[in-house]
Amino acid sequence: MNHAYDRDRAAQLVPLLESIFAEVADRRRSIRQLERELASAQRENAPTTGDLTARLANHRRELRLTRAEFERLGCVVDEHNPNRVIIPGESGAHEAGFHWQAGDSLVHD
């Protein structure tokens, strides 16, 4: 599906992008914490590594699904700045579109 947004429609996406990005931030924090716990458990040969590995896999899967949510909207996460979402412009091209930065309330050219 081809997505195209003018400035007003792109601006209307901001609350949804904020919501998705809040989940992304939560998942990233959980992943970092679980990675630290797993590394510690592995150093100590603790029996809990299976549970930690499963929880880590779940958070990584859910993080991938948030990327799919952005794609469903026609947006992409900037590969050079993972806190930035690129929104297609009126032509449907990302290069001629807008961007939104996590924590910002506006979209920019």
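Residue numbers here run from 1 along each chain, matching the order of that chain's written sequence. Only residues with pLDDT of 70 or above have their local features reported here, since the model is predicted, and side-chain atom pairs are shown and tallied only from 80 upward, although totals for entire chains, interfaces and linings are computed over all residues. Hydrogens are left out, water is left out, and the side-chain values use all remaining heavy atoms of the structure.

Q: Please explain the side chain of His59 as it appears in this structure.
A: Strands here are runs of E lasting at least two residues and helices are runs of H or I lasting at least four, both read from the DSSP assignment and numbered beginning at the N terminus. With respect to the helices, strands and loops of the structure, His59 is situated in helix α3 (residues 49-72). Three exposure classes are used, based on accessible area relative to the maximum for each residue type with a 1.4 Å probe and protein chains only: buried under 20%, partly exposed in between, and exposed over 50%. Accessibility expressed as a relative area gives 17% for His59, which makes it buried. Not counting residues up to four positions away in its chain, the partners in contact with His59 are Arg27, Ser30, Ile31 and Leu34. By the convention used here, residues are in contact when the closest approach between their heavy atoms is within 4.5 Å.

Q: Quick question: what am I supposed to make of the nonpolar core here?
A: Generally speaking, nonpolar side chains in soluble globular proteins are found buried as a group. If you look at the biggest cluster of nonpolar residues, it comprises 17 residues, and the most contacted ones within it are Leu17, Phe70, Ile87 and Trp100. When residues of this core are traced back to their parent elements, those giving at least two are α2 (14-43), β2 (84-87) and β3 (98-101). Examining the composition of this core, we find that five residues originate from one element, α2, more than from any other. Once residues lying within four places of it in the same chain are set aside, the contact partners of Leu17 are Phe70, Leu73, Val85, Ile87 and Trp100. Take the buried Ala, Val, Leu, Ile, Met, Phe, Trp, Tyr and Cys residues and link them wherever side-chain atoms come within 4.5 Å; each set so joined is a nonpolar core.

Q: Help me understand α2 in this model?
A: Every α-helical turn comprises 3.6 residues, leaving residues that sit three or four positions apart pointing alike. With 30 residues, α2 extends 43 Å from end C-alpha to end C-alpha; this agrees with the ideal 44 Å at 1.5 Å per step. When α2 is considered as a whole, its buried residues turn out to be Val14, Leu17, Ile20, Phe21, Val24, Arg27, Ile31, Leu34, Leu38 and Ala41. In this structure, the buried residues of α2 make contact with α1 (7-12), α3, β2 and β3. Following α2 by one or two positions, Asn45 has its phi on the positive side, about 55°. Helix span, as expected, comes to 1.5 Å for every residue beyond the first.

Q: What is the right way to read α3 from this model?
A: Across its 24 residues, α3 extends 35 Å between first and last C-alpha, which sits within 8% of the 34 Å expected from 1.5 Å per residue. On its buried face, α3 sits against α2, β1 (76-77) and β2. Backbone geometry just after α3 places Gly74 at a positive phi near 90°.

Q: Sorry if this is basic, but what is going on with the sheet that holds β1 here?
A: Neighbouring strands of a sheet are bound in pairs by backbone hydrogen bonds; such pairs are parallel or else antiparallel. Pairing within the open sheet is antiparallel, and its three strands lie in the order β1-β2-β3. Strand pairing shows two members of the sheet lacking a second neighbour, β1 and β3, which therefore form its edges. Looking at chain direction, β2 and β3 are connected through four bridges and run antiparallel. The partner of Ile86 across the bridge, within β3, is His99. Lines fitted to the C-alpha atoms define the axes, with helices restricted to the stretch that makes contact. Angles between their N-to-C directions range from 0 to 180 degrees. Set on the sheet, α2 makes contact with β2 and β3; between it and β3 the angle comes to about 45°. At least two bridges found by DSSP between two strands are what make those strands a pair.

Q: Hey, could you run me through the pattern of salt bridges in this one?
A: Opposite charge on two side chains allows them to pair when their charged atoms are near. Here, a salt bridge means any side-chain nitrogen of Lys or Arg that lies within 4 Å of a carboxyl oxygen of Asp or Glu. One pass over the structure, following the stated rule, counts seven salt bridges. The shortest N-O distance in the salt bridge between Arg60 and Glu35 comes to 2.6 Å. Of this pair, Arg60 sits in helix α3 while Glu35 sits in helix α2, placing them 25 residues apart in sequence. Using a relative accessible area of 37% as the deciding quantity, one classes Arg60 as partly exposed. Its relative accessible area of 34% is what places Glu35 among the partly exposed residues.

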